[in-house]
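Chain residues, written in single-letter form:
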There are 2 protein chains.
Amino acid sequence: MSYSYNDNTWISQQLETLIRKLHAFVGNAVTRNRYIVFGAGSTQILNAAAYALSLDNTSSQSPTRVVASVPYYTLYKQQVEYFNSERFKFEGDAYTWRNRPDDGRASTNVIEFVTSPNNPDGQLNKAIVDGPNVKTIYDRAYYWPHFTPIPAPADEDLMVFTLSKLTGHAGSRFGWAVIKDEAVFNRMTIHMKLNSIGVSKDTQLRAFKLLKAVLEEGTEIFDFAYQTMETRWERLVATLSLSNRFSLQKFNPQYCLFSQKIRDFSPAYAWVKCEREEDKDCYAVLKAANIIGRQGNEFGSEDHYVRLSLVRSQDDFNILIHRLQKLVSKEDGASLREG
Amino acid sequence: MSYSYNDNTWISQQLETLIRKLHAFVGNAVTRNRYIVFGAGSTQILNAAAYALSLDNTSSQSPTRVVASVPYYTLYKQQVEYFNSERFKFEGDAYTWRNRPDDGRASTNVIEFVTSPNNPDGQLNKAIVDGPNVKTIYDRAYYWPHFTPIPAPADEDLMVFTLSKLTGHAGSRFGWAVIKDEAVFNRMTIHMKLNSIGVSKDTQLRAFKLLKAVLEEGTEIFDFAYQTMETRWERLVATLSLSNRFSLQKFNPQYCLFSQKIRDFSPAYAWVKCEREEDKDCYAVLKAANIIGRQGNEFGSEDHYVRLSLVRSQDDFNILIHRLQKLVSKEDGASLREG
């Protein structure tokens with residue numbers, strides 16, 4: 001089995017066609033007249049995008065600044081810091097950057113990572129830094145109808161998707177980018193070549209079979225996944241509605257083109273806040289109740305916050321709800337004892 | 001399908017066990033008390049190794065210098081230059097580096113890439129730079145009995161292998177490193193996490209099935225592959241033995257532990273030299289005869305050299321021999337006309 005297909009490309013044209021069909025069917029992204037790059041999950045694609053966009057800045061002496069709004073997916077920071085390229089530096093929170101006094105800020109090259117829906121809090125984030133030297137990478141991993149209403153097909157310059165959050169096959173490591181600019185596409189292709197000589201053909205075959213099945217079933221898989229996620233979210237909201245100690249992110253329902261009605265969000269993660277001043281380490285509070293989340297500081301936030309995953313097996317989810325109920329039920333008792 | 005296996009690792013323990021068995025069977029590498037990391041082909045592994053070894057040099061102000069003996073596999077240079085990390089710089093030829101006047105050279109941190117058998121010329125290279133600040137990455141992609149005699153099991157600190165040059169499944173993108181030092185292993189594991197969250201499970205399953213088949217057939221696959229490569233090499237040697245214009249690399253037969261006899265080399269590539277002074281662009285000379293190779297300068301060499309691949313379909317190889325014969329047969333006529 002060669003590195004390339006018979007047409008001398010590294011990516012399966014049939015799989016690419018299928019991806020375009022899928023986006024057209026769901027209505028979550030514009031792919032006409034766009035280039036598509038494959039990667040080992042969105043992970044590899046995000047890094048390729050950061051390299052490709054920072055390479056634009058050859059005239060600049062100072063490295064490209066990489067920013068993201070807090071709370072942000074921690075991988076952006078980790079990757080930029082780890083690869084430690086002379087091309088880019090992680091600058092932190094996009095709000096802080098935007099509101100900084102302008103000592104050359106406006107002329108600095110910037111990449112803003114926008115996760116929409118956001119990881120960890122599920123919000124339909126938009127870019128907040130603008131200017132002629134700002135480029136955006138839209139991480140659209142969760143922009144599927146089982147997690148969010150789809151108000152319109154996404155149409156950003158560079159959008160990243162992944163099989164992991166579509167069919168759940170995280171272990172197959174398959175992601176793709178939809179790209180407007182040919183030069184950026186070419187640079188990302190070179191990145192994929194130098195990083196791993198493209199994506200495993202076994203993986204591409206698996207992705208092809210999965211997406212084919214998704215399309216053959218029409219709306220069925222999306223309906224099932226939405227019902228599953230919506231039910232989970234409602235149970236979680238109901239559980240924490242009894243609590244004064246823990247709160248959840250809130251959403252404003254929106255019109256969803258896919259389901260053709262106004263719909264609530266059904267996010268992949270709960271972004272839980274420990275409201276009590278003394279619960280500074282929310283992660284430890286939940287861990288004491290055997291609930292394992294991810295600490296707020298991983299996402300650039302305070303540790304009053306914890307991310308809980310709602311994309312897990314039904315058994316694991318049931319256990320999560322059960323433990324949260326137990327924790328919440330103790331609140332009054334605790335308050336009474338304290339009072 | 002999750003990111004990790006049930007034992008919470010990203011790499012299949014069964015596949016790892018099989019790899020150790022295979023090395024023990026072939027006798028080409030020591031794996032006892034060694035760590036193993038998986039990657040998307042040797043490509044991703046080589047980069048992970050460069051990052052892992054350069055990270056050692058935290059006390060140093062200047063970046064780690066990366067060297068390789070000319071002719072070298074061009075990817076080492078391309079990767080180091082592309083990723084453009086503050087941690088390392090590509091320095092070029094290992095011989096030039098070693099023979100440089102010592103203005104701080106001996107105290108500089110160095111990584112030497114050693115490809116053995118070498119790509120492009122098939123020689124069993126050894127590291128040539130030594131000192132307390134020198135680390136080596138042994139690219140052992142071609143260290144299998146179908147390409148080279150196996151004089152002893154390789155036992156370097158960090159060795160890289162790939163399925164691509166073992167079973168030919170380049171498109172599956174599967175490689176592995178055998179590592180002595182736990183800290184280096186841990187750093188490479190982090191690299192794999194930040195780069196692509198490990199290796200596709202579809203790929204790991206494919207690699208498992210292939211290596212299982214290889215082991216079940218005993219020496220059969222290696223015997224077949226050796227016969228194939230040896231026959232090709234002999235035909236090539238015979239073809240160019242009639243030429244004064246083109247020459248080939250030469251080998252000294254060595255004792256092979258695997259076949260338990262003294263054996264000639266049967267390399268993956270021919271490293272052809274255009275001997276005539278005027279044939280400065282050997283690539284163009286061969287291309288005019290419809291023979292497509294890779295230019296010497298890709299390997300840090302002069303363009304009197306071209307690499308021709310011998311790992312291709314039998315039909316393609318036959319065509320290559322045919323075209324070379326035609327080219328060589330014209331030599332005398334040409335000399336006569338010139339003379």
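This structure is a prediction, so every number in the text was calculated from the model and none was measured. (Residues numbered from 1 in each chain as written. Chains lettered and ligands numbered in written order. Predicted model: local features only at pLDDT ≥ 70, side-chain atom pairs only at ≥ 80, totals over all residues. Heavy atoms only, no water.)

S.K.: Which residues make up the overall build of chain A, and what are the values?
M.R.: A count of helices and strands for chain A gives 9 helices and 13 strands. A globule of 339 residues ought to have a C-alpha radius of gyration of about 20 Å, and chain A, at 21 Å, matches this closely. Burial status across chain A gives 57% buried among its 339 residues. Contacts in chain A between residues at least 24 apart in sequence constitute 69% of all its contacts with a sequence separation of at least 6. Counting every atom, chain A has about 14,500 Å² of accessible surface; 49% of that belongs to carbon and sulfur. Computing the positive centroid from 40 side-chain charges and the negative centroid from 39, chain A places the two 3 Å apart. (Helix = DSSP H or I, 4+ residues; strand = E, 2+ residues; numbered from the N terminus. Rg over C-alpha atoms; globule rule 2.2 N^0.38 Å. Buried < 20%, exposed > 50% of the residue type's maximum accessible area, 1.4 Å probe, protein only. Contact = heavy atoms within 4.5 Å. Areas by Shrake-Rupley, 256 points an atom, 1.4 Å probe, with all protein chains shown as cover. Lys, Arg positive; Asp, Glu negative; His and termini not counted. Charge placed at Lys NZ, Arg CZ, Asp CG, Glu CD.)

S.K.: Could you give an account of the pattern of salt bridges, with specific residues and numbers?
M.R.: All names here are of chain A. Scanning the entire structure with this criterion turns up 30 salt bridges over all chains. Among the ionic pairs, Arg 20 bridges to Glu 16, the shortest N-O distance being 2.5 Å. Of this pair, Arg 20 and Glu 16 both sit in helix H1 (residues 13-26), 4 residues apart, which is roughly one turn of that helix. Here Lys 280 makes a salt bridge to Glu 277, at a shortest N to O gap of 3.6 Å. (Salt bridge = Lys/Arg side-chain N within 4 Å of Asp/Glu carboxyl O.)

S.K.: Pulling in residues and values, what's your account of the interface of chain A and chain B?
M.R.: If you look at the interface, chain A gives 41 residues, while chain B gives 41 residues. Here chain A and chain B share an interface that buries about 3,500 Å² over both sides, 51% of which is from carbon and sulfur atoms. The interface formed by chain A and chain B includes 4 salt bridges. (Buried area = accessible area lost by both parts, 1.4 Å probe.)

S.K.: Give a detailed account of the relation of the copies chain A and chain B, specifying residues and quantitative values.
M.R.: For the pair of chain copies, the relating operation is a rotation around an axis with a shift along it. Note on the copies: chain A fits chain B at an RMSD of 0.0 Å, the axial shift is 0.0 Å, and the rotation between them is 180°. As the rotation angle and translation indicate, the two copies are arranged about a two-fold axis. Using C-alpha coordinates, one finds that chain A approaches the rotation axis most closely at Ser85(A), a distance of 2.0 Å. Interface overlap between copies is the fraction of interface residues in one copy that are interface residues in the other; for chain A against chain B it reaches 100%, indicating a shared surface. (Least-squares fit on C-alpha atoms with pLDDT ≥ 70 in both.)

S.K.: Provide a residue-level description of the domain arrangement of chain A, including the pertinent values.
M.R.: Often, the extent of an interface is quoted as the loss of accessible area upon association of its parts. Residue and element names in this part refer to chain A. Considered domain by domain, chain A is made up of domain 1 (13-216) and domain 2 (220-338). Computed over C-alpha atoms only, the centres of domain 1 and domain 2 are separated by 27 Å. Facing 29 residues of domain 1, the contacting portion of domain 2 comprises 27 residues. Three residues stand out in domain 1 for area buried against domain 2, namely His 146, Phe 147 and Pro 149, and they jointly supply 25% of the buried area on that side. The interface formed by domain 1 and domain 2 contains 11 residue pairs in polar contact (both at pLDDT 80 or more). Among the elements of the structure, H1 and helix H6 (201-216) are those that each provide at least two residues to the side of domain 1 that touches domain 2. (Domains from an automatic or database assignment. Polar contact = N/O pair within 3.5 Å; in protein donor to acceptor, adjacent residues only side chain to side chain.)

S.K.: Can you tell me about the environment of Trp176(B), naming the residues and giving the values?
M.R.: Residue and element names in this part refer to chain B. With respect to the helices and strands, Trp 176 occurs in strand S7 (residues 175-179). Taking C-alpha positions, Trp 176 is 4.4 Å from Phe 38, a pair spaced 138 residues apart along the chain. For Trp 176, the side chain forms a polar contact with the side chain of His 23, separated by 3.0 Å.

S.K.: Can you lay out helix H5 (residues 182-196) of chain A for me, pointing to particular residues and giving the numbers?
M.R.: Residues and elements named next belong to chain A. Its 15 residues place the ends of H5 21 Å apart at the C-alpha level, agreeing with the 21 Å of an ideal helix rising 1.5 Å per residue. Of all the positions in H5, only Val 184, Phe 185, Arg 187, Met 188, His 191, Met 192, Leu 194, Asn 195 and Ser 196 are classed as buried. Directly after H5, the chain includes Ile 197, whose backbone phi takes a positive value near 45°. (Expected span 1.5 Å × (residues − 1).)

S.K.: Give me helix H3 (residues 75-83) of chain A: which residues, what numbers.
M.R.: Listed as buried for H3(A) are Leu75(A), Tyr76(A), Gln79(A), Val80(A), Tyr82(A) and Phe83(A). Immediately beyond the C-terminal end of H3(A), within one or two residues, lies Asn84(A), with a positive phi of roughly 50°.

S.K.: Tell me about the pairing of strand S1 (residues 35-39) of chain A, and please be specific about residues and values.
M.R.: Residues and elements named next belong to chain A. Within S1, 4 of the 5 residues are buried, leaving the element largely enclosed by the surrounding structure. Looking at chain direction, S1 and strand S7 (residues 175-179) are connected through 5 bridges and run antiparallel. Bridge pairing in S7 places Phe 38 opposite Trp 176. (Pairing = 2+ DSSP bridges.)

S.K.: Can you tell me about the sheet that holds strand S11 (residues 269-274) of chain A, naming the residues and giving the values?
M.R.: Residue and element names in this part refer to chain A. As summarised here, the arrangement of the 4 strands in space is S8-S11-S13-S12, forming an open sheet in which the pairing is antiparallel. At either end of the open sheet lies a strand with only one pairing partner, and these are strand S8 (246-247) and strand S12 (294-295). Where S12 meets strand S13 (residues 305-309), 2 bridges bridge the pair, whose relative direction is antiparallel. Residue pairing in the sheet places Gln 295 in a bridge with Val 306 of S13.

S.K.: Can you lay out a nonpolar patch on the surface for me, pointing to particular residues and giving the numbers?
M.R.: Residues and elements named next belong to chain A. On the surface, Tyr 255, Leu 257 and Ile 262 cluster together into a nonpolar patch covering about 310 Å² of accessible area. Structurally, Ile 262 is set in strand S10 (residues 261-263). Judged by relative accessible area, Ile 262 falls into the exposed class, the value being 62%. (Patch = residues over 30% accessible without salt bridge, like charges linked within 9 Å, V, L, I, M, F, W, Y side chains within 5 Å.)

S.K.: Kindly report on unusual backbone geometry, identifying the contributing residues and their values.
M.R.: A cis amide bond links Val70(A) with the next residue in sequence, Pro71(A), at an omega value of -5°. Residue position: Pro71(A) is located in the loop between strand S2 (64-68) and H3. Look at Ile197(A): it is not a glycine, yet its phi comes out positive at around 45°. Mapped onto the elements of the fold, Ile197(A) is located in the loop between H5 and H6. One non-glycine residue, Gln260(B), adopts positive backbone phi at about 55°. Mapping Gln260(B) onto the fold places it in the loop between strand S9 (254-256) and strand S10 (261-263).

S.K.: Can you lay out the sheet that holds S1(A) for me, pointing to particular residues and giving the numbers?
M.R.: Residue and element names in this part refer to chain A. Taken together, the 7 strands give an open sheet; going across it, the order is S1-S7-S6-S5-S4-S2-S3, and neighbouring strands pair in mixed fashion. The open sheet has two edge strands with one neighbour each: S1 and strand S3 (88-93). On average, adjacent strands in this sheet sit at an angle of 25° to one another, irrespective of strand direction. Across 2 bridges, strand S5 (residues 134-139) lies against strand S6 (residues 158-162) in parallel orientation. Counted as the bridge partner of Asp 139 is Val 160 from S6. (Axes fitted to C-alpha atoms, helices over the stretch in contact; angles between N-to-C directions.)

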